[in-house]
Amino acid sequence: MSEQPSEAGGASGSPAASDTPADAKPTEPTPAKQASPAATEPPATPAYLHAQRQRAQGAQQTWQPGQPWRPPAKGPGATAKLRPASPPLIPPAVLWAALATAVLSALLLGDGLGVNLLIVAVPAALAAAFAARAAGRRLRPWTAAWAVGGLALLVVPALRDAGWPTFLAVVSAFALGSLALHGSRTWIGVLLGSVGTLDSVVPGARWGWRGVRERADGSRGRWGTAVRTTAVALGLLVVFGTLFAGADAAFADLLGRLTPDVSIVDGPLRTFLFVVGLLGALAAARTAAAPVRWDGLTVKPGKPRGRTEWALPLIVLNLLFAAFITLQLVVLLGGYDKVREQTGLDHAEYARQGFWQLLWATLLTLLVIALALRWAPRGSGRDRTLVRAVLGTLCVLTLVVVASALRRMDLYVDEYGLTRLRISVAAMELWLGVVFVLILAAGVFGARFLPRAIAVSAGAAVLAFGLISPDAVVAEQNVQRFRDDRTSIDLDYLKDLSADAVPALDTLPEPQRSCALRVIQRELHTSDSPWYATSWGEARAREILREHPAATDRDTCYGLGTDGVREGGRGGYEQDHDDYDPY
């Protein structure tokens, strides 16, 4: 009987192993050392927490004993503890919903943006919902709020023709949809969770491919049945649809409007949109089934400062705000004559000079509050009372600064008219005021919901900004100013607005009406967007111009100084513009 090395000696053969008699009988384990059945059961913890513990334990062993010539084993990444276990096999409902998203993306998104974005988003949302239900996730109130807000933002492209509100709405819809999939609640979680779906693009593609491959191996007969059924249905639609279209011109026109115009020339674009739609739906479903826990990332709080060291700079800042606000109240109550005497500026120039400075002051105040909270004293109840009093006073004073900035913009708009830039920065300043109100509320009721509340307010602000139709508001305000004084109107600027401005510009007298609508009418005539890529604003503008087309000739508009930007040179004519607005 040959000697066997013991576990203590290993492969090197220790003395303890050589002293063991050859005829010694192996000792049987005592009952006290035998593991009980309960000890072998897995811990009753969620799957993603169990996976995180396993990764953490694996990170502690990066060097392989007995093999010093090999490099250390690569441990898990910095975000390993944030990633849950792999989701279960992708359900068939998720695969079909992702395929529907890809097909609709290829067919509808190549002709522009309109209601087609909302149509494509519906099967993508269903894919995420099916995946979350299969993974055992429950629908929570904040998740429902994020999802409803994201879908509501996609209504803006269906209603408005202007590109800039549409861009803001689409980006915000993606952010809210990503938050709905992650369910984040902290500052870092909300910031990273708004773009966290991008992290699941590659894992989602692998997850979908693995599910298709495994299901195809065990159900080839069912896949063949599905393919044959789909082919027969499409064949019947093509044959009988062609016959009915040839039999009735009205049906042919309806069928042509409803059917996407797909050509070989658009093949690369349609293929790209198919891939984007498929990857996007799979990434959303993968995130819904196994989201990254971005809330696990934390920022170490700063070292608390003493009361005097922390409060004195902020009290000085509050006094400076109070002095500025006192002067603003004097000006707002009728002190423009004194201001004009000292500065030589009228009220419009005075308002223009200070708006941007007040906007930056508002933004910097948010940074000051964030840094102050990081190093705030927090040892006792008196410390918390001091923090609330000092920062609460600063927030109230900043709200007065926000009101002053908005008042300055209102005075400037009354003098020079409303533009896209002016309405945009005014809307941003108004939203910043809402943020300070939320900070005040958090100081009273607690800051648990503050990150999510600010994210909701941002989404609501973008939605409201798109629904009010900023181009229409700009046109209405300038038309009203022209009606009041009949002295001037910047037709050279108004004619470059989107089709959303047509109802307001249609109320102008001639020849100003036709000169303001000439460019928009030409663009609408040259575009042939299908119904799903046509906004409600564009459809309404087409109807108005069809009933009352712009008929003024170019010479008349040139005499008014409103033509020549897109159709040729100005012949030496230059209109005075306000360099305050780059649009």
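Residues numbered from 1 in each chain as written. Predicted model: local features only at pLDDT ≥ 70, side-chain atom pairs only at ≥ 80, totals over all residues. Heavy atoms only, no water.

K.L.:
Please explain the overall build of the protein as it appears in this structure.
P.N.:
In terms of helices and strands, the protein carries 24 helices and zero strands. When each of the 583 residues of the protein is scored for burial, the buried share is 36%. Pairs at least 24 apart in sequence give 77% of the contacts found in the protein among residues at least 6 apart. Of the roughly 33600 Å² of accessible surface on the protein, 64% is carried by carbon and sulfur atoms. (Helix = DSSP H or I, 4+ residues; strand = E, 2+ residues; numbered from the N terminus. Buried < 20%, exposed > 50% of the residue type's maximum accessible area, 1.4 Å probe, protein only. Contact = heavy atoms within 4.5 Å. Areas by Shrake-Rupley, 256 points an atom, 1.4 Å probe, with all protein chains shown as cover.)

K.L.:
When you look at the side chain of Arg 513 in this model, what are you seeing that I'm missing?
P.N.:
Mapped onto the elements, Arg 513 comes out in helix H22 (residues 512-526). Among the polar contacts made by the side chain of Arg 513, one reaches the side chain of Asp 506 at a distance of 2.7 Å. Leaving out residues up to four positions away in the same chain, Arg 513 has contacts with Leu 505, Asp 506, Leu 508, Leu 545, His 548, Pro 549 and Ala 550. (Polar contact = N/O pair within 3.5 Å; in protein donor to acceptor, adjacent residues only side chain to side chain.)

K.L.:
What exactly am I supposed to notice about a nonpolar patch on the surface here?
P.N.:
A cluster of nonpolar side chains, Val 232, Leu 236, Val 239, Phe 240 and Leu 243, forms an exposed patch at the surface whose accessible area comes to about 480 Å². Of note, Phe 240 is situated in helix H10 (residues 220-247). (Patch = residues over 30% accessible without salt bridge, like charges linked within 9 Å, V, L, I, M, F, W, Y side chains within 5 Å. Salt bridge = Lys/Arg side-chain N within 4 Å of Asp/Glu carboxyl O.)

K.L.:
What am I meant to see in the packing of aromatic side chains here?
P.N.:
Aromatic ring pairs are described here by two measures, namely the spacing of the ring centres and the angle between the planes. Counted under the stated rule, the structure contains five aromatic pairs. Ring centres 5.5 Å apart and planes at 35° place the aromatic pair Trp 142 and Trp 146 in the tilted group. Note that Trp 142 and Trp 146 are positioned in helix H5 (residues 141-153) at a spacing of four residues, about one turn of the helix. Look at Trp 146 and you get buried, because its relative accessible area is 2%. Taking 6.3 Å as the distance between ring centres and 20° as the angle between the ring planes, the aromatic pair formed by Trp 142 and Phe 449 counts as stacked. Taken together, the residues Trp 142 in helix H5 and Phe 449 in the loop between helix H17 (420-445) and helix H18 (450-467) connect sequence positions 307 residues apart. We classify Phe 449 as partly exposed; its relative accessible area is 42%. Counting every residue linked through ring pairs, the aromatic cluster contains Trp 142, Trp 146 and Phe 449. (Phe/Tyr/Trp six-rings, centres within 6.5 Å; stacked < 30°, edge-to-face > 60°.)

K.L.:
Before we go on, may I ask you to explain the side chain of Ser 404 in this structure?
P.N.:
If you trace the backbone, Ser 404 turns up in helix H16 (residues 381-416). Judged by its relative accessible area of 5%, Ser 404 falls in the buried class. Contacts of Ser 404, omitting those with residues within four sequence positions, involve Gln 328 and Leu 358.

K.L.:
Where do I start with the pattern of salt bridges in this structure?
P.N.:
Side chains that carry opposite charge are capable of pairing whenever their charged atoms lie near each other. Summed over the entire model, instances satisfying the criterion amount to nine salt bridges. Two residues, Arg 420 and Asp 471, come together in a salt bridge whose shortest N-O distance is 2.8 Å. Highlighted residues: Arg 420 in helix H17 and Asp 471 in helix H19 (residues 470-485), separated in sequence by 51 residues. The partner of Lys 495 in a salt bridge is Asp 492, and the shortest N-O contact between them spans 3.9 Å. The network of salt bridges with shared partners includes Asp 492, Lys 495 and Asp 496.

K.L.:
For this particular structure, what's the right way to read the nonpolar core?
P.N.:
Note that soluble globular proteins tend to have their nonpolar side chains buried in a common cluster. If you look at the biggest cluster of nonpolar residues, it comprises 51 residues, and the most contacted ones within it are Leu 491, Leu 494, Leu 497, Val 502, Leu 505 and Leu 508. In terms of residues, this core owes the most to one element, H17, which gives eight residues. Of all hydrophobic cores here, the second largest spans 14 residues; its members include Leu 153, Leu 154, Ala 169 and Leu 179. (Core = buried A, V, L, I, M, F, W, Y, C linked by side-chain atoms within 4.5 Å.)

K.L.:
When you look at the packing of helix H4 (residues 116-134) against helix H12 (residues 267-289) in this model, what are you seeing that I'm missing?
P.N.:
The relative placement of two packed helices is expressed as an angle between their axes plus a distance between the axes. Viewed as axis vectors pointing N to C, H4 and H12 meet at an angle of 30°, and their least axial separation amounts to 7 Å. Compared by their axis directions, H4 and H12 come out roughly parallel. Crossing of H4 against H12: the hand is right-handed. Packed against H4, whose contacting residues are Ala 127, Ala 128, Ala 131 and Ala 132, the element H12 presents Ala 284, Ala 285, Ala 288 and Ala 289 at the interface. (Axes fitted to C-alpha atoms, helices over the stretch in contact; angles between N-to-C directions. Parallel < 35°, antiparallel > 145°, perpendicular 65-115°, else oblique. Left-handed = near helix turned anticlockwise from the far one by under 90°.)

K.L.:
It is not clear to me how a positive patch on the surface should be interpreted in this structure. Could you clarify?
P.N.:
A grouping of Arg 138, Arg 140, Arg 185 and Arg 448 is seen on the molecular surface, where their side chains present a positively charged patch. On the secondary structure map, Arg 185 appears in the loop between helix H7 (163-182) and helix H8 (187-193). A relative accessible area of 41% places Arg 185 in the partly exposed class. (Lys, Arg positive; Asp, Glu negative; His and termini not counted. Charge placed at Lys NZ, Arg CZ, Asp CG, Glu CD.)

K.L.:
I would appreciate a short explanation of the packing of H22 against helix H23 (residues 536-547) in the present structure.
P.N.:
The geometry of H22 relative to H23 is characterised by a closest axis approach of 11 Å and an angle of 120° between their N-to-C directions. Taken together, the axis directions place H22 and H23 in an arrangement best described as oblique. Between H22 and H23 the crossing geometry is left-handed. Two secondary-structure elements touch here, H22 through Arg 513, Leu 517, Gln 521 and Leu 524 and H23 through Glu 538, Ala 541, Arg 542 and Leu 545.

K.L.:
Any chance you could explain H16 here in plain terms?
P.N.:
Working note: α-helix, 3.6 residues per turn, so residues spaced by three or four point in the same direction. Over its 36 residues, H16 runs 52 Å from end to end, which matches the ideal 52 Å to within 8%, given 1.5 Å per residue. Looking one or two places after H16, you find Gly 417, whose phi comes out positive at around 95°. (Expected span 1.5 Å × (residues − 1).)

K.L.:
How should unusual backbone geometry be read in this particular structure?
P.N.:
The phi angle of most residues is negative, glycine excepted, and most peptide bonds adopt the trans form. Of the consecutive residues Glu 510 and Pro 511, the connecting peptide bond is found in the cis state with omega at 5°. Residue placement: Pro 511 occurs in the loop between helix H21 (502-505) and H22. At Ser 469, a position not held by glycine, the phi torsion is positive, near 60°. Examined against the element boundaries, Ser 469 turns out to sit in the loop between H18 and H19.

K.L.:
Looking at this model, I keep getting lost on H19. Mind explaining?
P.N.:
Helix length check: H19, at 16 residues, gives a terminal C-alpha distance of 23 Å against a target of 22 Å (1.5 Å per residue), a fit within 8%. For H19, every residue scored as buried is listed here: Pro 470, Asp 471, Ala 472, Val 474, Ala 475, Gln 477, Asn 478, Val 479, Arg 481 and Phe 482.

K.L.:
Help me out: how do you make sense of the confidence of the model for the protein in this one?
P.N.:
In low-pLDDT regions, the fine details of the predicted coordinates are not to be read closely. Looking at the protein, the pLDDT average stands at 77 and 71% of residues meet or exceed 70. Scored below 50 in pLDDT, residues 58-64 makes seven contacts in the model with residues more than four places away or belonging to other chains. Below pLDDT 50 for its whole length, residues 562-583 participates in 57 contacts with residues either more than four positions away or in separate chains. (pLDDT = per-residue confidence, 0-100.)

K.L.:
Help me out: how do you make sense of the environment of Thr 271 in this one?
P.N.:
Within the secondary structure, Thr 271 sits in helix H12. Taking the relative accessible area as the measure of exposure, Thr 271 reaches 49% and is therefore partly exposed. Through-space distance from the C-alpha of Thr 271 to that of Ala 102 is 9.4 Å; in sequence the pair is 169 residues apart.

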